[in-house]
There are 2 protein chains.
Amino acid sequence: MQYHLNGFKPGNYQIPDSVREPASPPPIVEMPKEVDVLIVGCGPAGLALARQLSEFADITTCIVEQKSGPLLFGQADGISCRTMEIMKAFNSSELVKETYQLHQNAFWEPDTEHPENIKRTHKVADARLGLSEFTHGVVNQARLHDLLLEGMESSVAHLIPHYNRRLLELDVDANLTQDLNAYPISATFERNDATQSAKVETVRAKYVVGCDGARSAVRRNLSINLEGDSANKAWGVMDVLLVTDFPDIRVKSFIQSKDNGAVMLVPREGGYLVRLYVELDLLDKDQRASNLDLSVEDIIAKAQLIMNPYKLDVKEVAWWSIYEVGQRVADRFDDRPLDNAENLIPRAFVAGDACHTHSPKGGWGLNTSLPDTFNLGWKLAAVLQGKAQPELLQTYTTERRKVAHMLINADREMSALVATRPSAKNGHSQSKTDTADIEKFIARQNGFIAGTSIQYDPSYLCTGQENQHLADGFKIGQRFHSAEAARISDGRPQHLGHLNKADGRWRIFVFGSEQNPVDPTSDSSKLINFLACSADSPVNKYTPSGSDIDSVIDVYAVFQQQGISIEEMPDYLWPAKGKYGLRDYEKVFCSIKERDIFEQREINRAQGCMVVVRPDQHIATILPLDAYQELSEFFGKFMIE
Amino acid sequence: MQYHLNGFKPGNYQIPDSVREPASPPPIVEMPKEVDVLIVGCGPAGLALARQLSEFADITTCIVEQKSGPLLFGQADGISCRTMEIMKAFNSSELVKETYQLHQNAFWEPDTEHPENIKRTHKVADARLGLSEFTHGVVNQARLHDLLLEGMESSVAHLIPHYNRRLLELDVDANLTQDLNAYPISATFERNDATQSAKVETVRAKYVVGCDGARSAVRRNLSINLEGDSANKAWGVMDVLLVTDFPDIRVKSFIQSKDNGAVMLVPREGGYLVRLYVELDLLDKDQRASNLDLSVEDIIAKAQLIMNPYKLDVKEVAWWSIYEVGQRVADRFDDRPLDNAENLIPRAFVAGDACHTHSPKGGWGLNTSLPDTFNLGWKLAAVLQGKAQPELLQTYTTERRKVAHMLINADREMSALVATRPSAKNGHSQSKTDTADIEKFIARQNGFIAGTSIQYDPSYLCTGQENQHLADGFKIGQRFHSAEAARISDGRPQHLGHLNKADGRWRIFVFGSEQNPVDPTSDSSKLINFLACSADSPVNKYTPSGSDIDSVIDVYAVFQQQGISIEEMPDYLWPAKGKYGLRDYEKVFCSIKERDIFEQREINRAQGCMVVVRPDQHIATILPLDAYQELSEFFGKFMIE
């Protein structure tokens, strides 16, 4: 897809440039007085949480944004493999179609013969290819927002943000926080639209989540502090339409000049737009990049210096900004005091940039923020619906704070590597221009950059590490790495990972052993019988009567044997559902010869195993096929009968 | 994607069952007085034509429908590979996501031991897999309409149908038909909505296309006759939600009973819905199926008899109908009298069911109707825009009438094969139950069924058959069979077929020879030089001054050599475009080692070749790289300078 040829235009890229218009903001309606969850901020974290909660008709959510409407341009652009996977779980795979895929990295250094010129040292295939069935890519953050907004609006909750509301005050009544039925949160907002600029509205909520960015008002109100380095380096960033003889203009390029600093170049969606990150000067202590008084012309001039001898003829600037590099993480991710955290149920949270700030270069902001609330969303829903113990909410902080620390460490390393002059102001005149270090960093960190190797530490939600060898390709604590199998009812190949929809359900994948699955005495048959019939079966324990059998825990069987017919399977694997008792034919699979999931995911063929997948697609546990009691105990730790 | 569990619901399947609502029809606005093209009928033929014409801001189109709004259910369901390709050309690849893919065919016959029961003889992989990069599938015709309607509305023409209009009279003024600037068409419509039921509107048009179905009023007004067999066999068709122990309920099944007739079963989108075609009785001459006075209960009872011993418990009927099988083709596809056709420019056309009627079982109606107007649309546009000679419009009839005849021949054969009792009423008591014949038919006709082997006869639009050996995998007259190559500017694999968008442009694919393409004396360099610089170059001759260089003829180069960099290419292959002169980096490709397009499409490696592709994706000609004159002559036959 090519667009922006005659100038950048925000809006839906499916619509031709000449007639594309950004969507109008929704009409302003009064905010509700009382909701289950109040979300402050319509960035990736806020919208992903709202999108997740919009899946549940019995949960009321209110999402509030200070700006006057949806984002139109600027900010993040890189979409990691993992973000693609999550968007697929939200049924928004349009994103895949719209992103500009990055397949190569190019590295440029000073030409040894003419060091005033840059020269390409090499170009390599992007190391992230193959880590997921989705390719990472580049697209305007606004399009990701649009897709989440569309999903929210067309959901059962019909959820639409309240724009033009500035948070004045947030109060968490500590006397009420341990009463699950109470509304301990009270938030006051001021309308900042033209018509009713003075109007104040108050919303009471059971839970609040601050997704309101680096200068989070929620964080400030909760007295949560950011810890870490302050900024000492300024960068310029700009999205431009330009004409150039630089040959790698459509390849992600790391460019280091001898004396003038570095540029990181990212080609963007539509085939013409390009983002440039341009290294500027070191900052004095406490100096803010915004005070440097630089214009976009200064950034362009700097980029031109760095990219000599190539010419940059910038025709249009779609968006630009100056930022300082600094890595900070919030000391707490929720309202529990640090000295009494284990005993309390959190009721207020911060997520996304509100709890981790860093440089935008790695494309990690959006791609960490969105998984933050993908982790939190299902937990909030499960507690609100009375399905899970409220202590489950504590695990948001433990799981995501670790990721935030990994993030700022990676960003600190990357920022130092990409900048050519880390210490120029400190008197070191020697430029550092070894792009090989960047390449090594990328190769080592590619799973983290892609978001696919993020792994939650062992806990009651990520357990059974002693059984990891039963399926080495499904790492406990990491996201379920999708692979294909063939549906036995119709022969259709199916990516099993795409069955893990963002609908709050748990999933158990039963990978059969070498025993014939049609034999009722086989280990998989016996396990299915346990799940279907035993009073100890978590399926029976936690599924409300009258609900579909797969509405809380959704069970799939995957066999290594081919040629099984659906009518040979126990009823439980083609269950009757819904008001008519229609049979669901999409639960049983067999491996595909030429891309055998047992081989791809290193599943023990002799023994098989169960893989239990959390509602956020992370693998909770792996168990032997006869581990009935362990399975019951696993769910028993946090589920409510 | 699973839906319809608790009952069939029309509308956008991306929206959950419980909140899905069909889109409301647009408000009724007055019809225009004068348009370039008047389209009567909002079926697949009419909408595909409107969608095609909506690509052009300088063409005015009016599309009219008798019904009160968009289709909601029923009618066609099978989407062929070729229809998928065309929808991709319209940028509507959502269709791929929504269709239920058919991967297998099952065949059932009377059990030899208990002939009162049916028994599966075998199940095979669908023979169409691999004929296209798209898999054929099943989806409600209404969804295909929706996607075309959305594309029309968000196009530069912002085209929306006029519903609630019944054609009263159509007049073609024979005195004006040979004057291209005249409006020889005069059509009178009566509003049939509740508010203004008597109101009559008249539209004058340069061209009219009747896409108004088997009982076409346009066809009747043009005195065009249908030729062929009258019906003598009735079938019932129903879309149902049911519970059954029939194991192949999710597989396309051909079922033949001993004494009770045949059923063809097609699983449908959403995982629960099933379509059954049920053989009913022979009709007497001139008897209409609609007069049989059968209810859906009768059809269900018949299906139950045929599928014994399996039980069909129908819970809901989403749609049903009874139809008779008959194969007819219009004697003319346009308004030219048969005895003077060659000398006249046609101004009125019929397309789709208006010119070919047949049984719905093969899924060929929609899949022939949509390509009918995909053939006509670009020709109408080219003539209206003054780019092509008006005689081009004559080729619609010659090219599509051949396809219509192939269609009714295939349908006649298929209908006879699927019916078990072709002559029961004629006293032949012997049932015909050999499903092997059906399987053989499918294997033989799979390219036709998939729509991928449709081939237009040699003409000035499909020529150069003596050069076919230069690229045996691109059949002159057939659609461009897509294959992948890597873009040299960024390494991204690209399906070359997807570059053939439905935007009215011609495309030339230059497949390089063994000579080094970077060498300015290589045959591909010389050809590019001719295209870019020669006064005889069709690119220079037919591109209006001030337009982008690729706006009429879009040229791509594909090389078998890897490692070429974009800056080594002549400017013409990364041309400056648009108001800023931004460079287009998406014109040059090289083959991909593990799926080499030169090998896949049997391109002569020593010589290379040019493949010229029509705006409807059919291959117009194949030429040697040095055939400059032949290339000029090819375009000279119908293009206007």
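Residues numbered from 1 in each chain as written. Chains lettered and ligands numbered in written order. Predicted model: local features only at pLDDT ≥ 70, side-chain atom pairs only at ≥ 80, totals over all residues. Heavy atoms only, no water.

## What about the side chain of Gln-478 of chain B?
Residues and elements named next belong to chain B. Residue placement: Gln-478 occurs in the loop between helix 9 (435–450) and strand 20 (484–487). Taking the relative accessible area as the measure of exposure, Gln-478 reaches 15% and is therefore buried. With sequence-adjacent residues up to four places away left out, Gln-478 is seen in contact with Thr-452, Ser-453, Ile-454, Gln-455, Gln-617, His-618 and Ile-619. (Helix = DSSP H or I, 4+ residues; strand = E, 2+ residues; numbered from the N terminus. Buried < 20%, exposed > 50% of the residue type's maximum accessible area, 1.4 Å probe, protein only. Contact = heavy atoms within 4.5 Å.)

## Brief notes about the pattern of salt bridges
All names here are of chain A. Under the defined criterion, the tally for this structure stands at 98 salt bridges over all chains. In this structure, Arg-400 engages Asp-372 in a salt bridge whose closest nitrogen and oxygen atoms are separated by 2.7 Å. Here Arg-400, found in helix 8 (residues 394–418), pairs with Asp-372, found in helix 7 (residues 364–384); they are 28 residues apart in sequence, far enough to count as distant. The two residues Arg-400 and Asp-372 agree in class, both being buried. One connected set of salt bridges, linked through shared partners, spans Asp-503, Arg-505, Arg-507, Asp-550, Asp-554, Lys-577, Asp-584 and Lys-587. (Salt bridge = Lys/Arg side-chain N within 4 Å of Asp/Glu carboxyl O.)

## Here's the deal with the environment of Ser-524 of chain A
Position of Ser-524 of chain A relative to the elements: it lies in helix 10 (residues 523–533). Apart from residues no more than four positions distant in its own chain, Ser-524 of chain A is found in contact with Val-510, Gly-512, Pro-517, Phe-559 and Leu-625 of chain A.

## Observations regarding the side chain of Gln-468 of chain A
Residue and element names in this part refer to chain A. Secondary-structure assignment places Gln-468 in the loop between helix 9 (435–450) and strand 20 (484–487). Since its relative accessible area comes to 14%, Gln-468 is described here as buried. Excluding anything up to four places from it in sequence, Gln-468 contacts Phe-474, Lys-475, Ile-476 and Ile-622.

## Side note on the packing of aromatic side chains
With the rule as written, the count across this model stands at 58 aromatic pairs over all chains. Between Phe-634 of chain A and Phe-638 of chain A the ring centres are 5.4 Å apart and the planes differ by 80°, which places this aromatic pair in the edge-to-face class. Of the two residues, Phe-634 of chain A and Phe-638 of chain A, neither departs from the other in class, the shared state being buried. Three or more aromatic residues joined by ring pairs form one cluster here, namely Trp-378, Tyr-460, Trp-506, Tyr-542, Phe-634, Phe-635 and Phe-638 of chain A. Its end group placed over the ring of Trp-574 of chain B, Arg-583 of chain B keeps NZ or CZ at 3.8 Å from the ring centre. (Phe/Tyr/Trp six-rings, centres within 6.5 Å; stacked < 30°, edge-to-face > 60°. Lys NZ or Arg CZ within 6 Å of the ring centre and 35° of its normal.)

## Things to note about the relation of the copies chain B and chain A
The operation relating chain B to chain A is a screw motion whose rotation component is 180°, with 0.0 Å of axial translation and a residual RMSD of 0.0 Å. Such values leave the two copies arranged in the relation of a two-fold axis. No C-alpha of chain B lies nearer the rotation axis than that of Glu-94 of chain B, which sits 4.0 Å from it. Most of the interface of chain B is mirrored in chain A: 100% of its interface residues are interface residues there too. (Least-squares fit on C-alpha atoms with pLDDT ≥ 70 in both.)

## With respect to the sheet that holds strand 19 (residues 356–357) of chain A
Residue and element names in this part refer to chain A. Ordered in space as 11-17-19, the 3 strands form an open sheet in which the pairing is antiparallel. What marks the edges here is a single partner per strand, and that holds for strand 11 (226–228) and strand 19. Examined bridge by bridge, strand 11 and strand 17 (residues 328–330) share 3 bridges and lie antiparallel to one another. Paired with Gly-228 across the two strands is Arg-328, which belongs to strand 17. Set on the sheet, helix 8 makes contact with strand 11, strand 17 and strand 19; between it and strand 17 the angle comes to about 170°. (Pairing = 2+ DSSP bridges. Axes fitted to C-alpha atoms, helices over the stretch in contact; angles between N-to-C directions.)

## Details of the packing of helix 10 (residues 523–533) of chain B against helix 13 (residues 628–636) of chain B
All names here are of chain B. Remark: helix 10 packs on helix 13, axes separated minimally by 11 Å, with the N-to-C direction vectors making an angle of 40°. What the angle tells us is that helix 10 and helix 13 run oblique. Crossing angle aside, the handedness with which helix 10 passes helix 13 is right-handed. For the pair helix 10 and helix 13, the contacting residues are Lys-526, Leu-527, Phe-530 and Leu-531 in the first and Tyr-628, Leu-631 and Ser-632 in the second. Here the residues of the contact of helix 10 with helix 13 sort into 5 nonpolar, 1 polar and 1 charged. (Parallel < 35°, antiparallel > 145°, perpendicular 65-115°, else oblique. Left-handed = near helix turned anticlockwise from the far one by under 90°. Nonpolar A, V, L, I, M, F, W, Y, C, P; charged D, E, K, R; others polar.)

## A word on the confidence of the model for chain A
Residue and element names in this part refer to chain A. Residues at a pLDDT of 70 or more form 96% of chain A, whose mean pLDDT is 92. Long-range and interchain partners of residues 422–430, a stretch whose pLDDT sits below 50, account for 7 contacts in this model, where long-range means more than four residues apart. Both scores are available for the predicted complex, with the pTM at 0.93 and the ipTM at 0.91. (pLDDT = per-residue confidence, 0-100.)

## Details of the pairing of strand 13 (residues 252–256) of chain B
Residue and element names in this part refer to chain B. Buried residues dominate strand 13, accounting for 5 of its 5 residues. As defined by bridge partners, strand 5 (residues 104–110) adjoins strand 13 across 4 bridges and the pair is classed as parallel. Looking at the pairing, Asn-105 lines up with Lys-252 of strand 13. Inspection of the sheet shows strand 13 paired to strand 14 (residues 262–267) by 4 bridges, in the antiparallel sense.

## Overview of the sheet that holds strand 22 (residues 506–511) of chain A
Sheets are built from strands paired through backbone hydrogen bonds, the pairs being either parallel or antiparallel. Residues and elements named next belong to chain A. The 7 strands lie next to each other as 21-20-26-23-22-27-28, forming an open sheet whose pairing is mixed. Looking at which strands have only one partner, the edges of the open sheet turn out to be strand 21 (493–495) and strand 28 (619–623). This sheet shows a mean twist of 30° between the axes of neighbouring strands, independent of strand direction. Note that strand 20 and strand 26 (residues 588–590) share 2 bridges and pair antiparallel. Following the sheet pairing, Ala-486 is matched in strand 26 by Cys-590. Helix 10 contacts strand 22, strand 23 (553–559) and strand 27 (609–613) of the sheet and is inclined by roughly 155° relative to strand 22.

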